[in-house]
Amino acid sequence: MDRILLWALLIIGMILLLLSLRKPLIKDTVLVYLLKAYFSSFFGVIVAEAHLIEYPVRFLGQYFDTSILFEYFLYPIMCVYFYQTSYHSSILGIIVQCALYTSALTILEVLCEKYTDLIEYHTWTWEYSFITIFLLSFFVRMLMKLINKREQSAS
């Protein structure tokens, strides 16, 4: 059943990725996606190697200790949508949206931890997930704000 859920998440992720690329700001979308995948994989490896979290059922489990579906695909896609919906927002709007997206991901993670073998907390908690997802998402959003500001001032 867990493998079916992984495949369903992969298909949902592919659809969401294709839909996100239909919006303007393709360059920003790709950059957000790649930045998020880079940073989340860095932290994901640390957390998995320290055995704070385990992913008993995962894609390419013989090669990766982390959840590559989440770190390289689903989480970056969520950040693309967060970026697109907060593009014209004030700092307060960005923080509120970041908290909402982070809450949704954290709730899904807790449900997966409780009812599936996709994730297993050892010394990790949902609070750590919320904080790290929030801070990483907010960091990439602010980094993109800085990049766009520099790009606009250069032209």
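Residues numbered from 1 in each chain as written. Predicted model: local features only at pLDDT ≥ 70, side-chain atom pairs only at ≥ 80, totals over all residues. Heavy atoms only, no water.

Engineer: Sorry, what's going on with helix 3 (residues 68-85) here?
Structural biologist: An α-helical turn contains 3.6 residues, so a residue and the one three or four places further along point in the same direction. Here helix 3 contains 18 residues, and its C-alpha end-to-end distance of 25 Å stays within 8% of the 26 Å for a straight helix at 1.5 Å per residue. At Leu 74, helix 3 shows its maximal bend, which comes to roughly 30 degrees, and the proline Pro 76 appears one to four places after that position. (Helix = DSSP H or I, 4+ residues; strand = E, 2+ residues; numbered from the N terminus. Expected span 1.5 Å × (residues − 1). Bend = angle between axes of the 7 residues up to and from the residue.)

Engineer: Even after reading the chapter, I still don't get the packing of helix 3 against helix 4 (residues 91-115), so can you show me in this structure?
Structural biologist: In a pair of packed helices, the angle between the axes and the distance between the axes together describe the arrangement. Where helix 3 meets helix 4, the axes come as close as 10 Å, and the angle between the chain directions of the two elements is 150 degrees. Relative to helix 4, the element helix 3 lies roughly antiparallel. The two elements helix 3 and helix 4 cross, and the hand of that crossing is right-handed. Residues Phe 70, Tyr 75, Met 78, Tyr 81, Phe 82 and Thr 85 of helix 3 pack against Ile 94, Gln 97, Cys 98, Tyr 101 and Leu 105 of helix 4. (Axes fitted to C-alpha atoms, helices over the stretch in contact; angles between N-to-C directions. Parallel < 35°, antiparallel > 145°, perpendicular 65-115°, else oblique. Left-handed = near helix turned anticlockwise from the far one by under 90°. Contact = heavy atoms within 4.5 Å.)

Engineer: Sorry, what's going on with the pattern of salt bridges here?
Structural biologist: Opposite charge on two side chains allows them to pair when their charged atoms are near. For the structure shown, the criterion picks out two salt bridges. Here Lys 27 and Asp 28 are joined by a salt bridge, their closest N and O atoms 3.2 Å apart. Residue classification places Lys 27 among the partly exposed residues on the basis of a relative accessible area of 46%. Residue Arg 58 pairs with Asp 65 through a salt bridge whose shortest N-O separation is 3.8 Å. On the basis of relative accessible area, Asp 65 is assigned to the partly exposed category, the value being 43%. (Salt bridge = Lys/Arg side-chain N within 4 Å of Asp/Glu carboxyl O. Buried < 20%, exposed > 50% of the residue type's maximum accessible area, 1.4 Å probe, protein only.)

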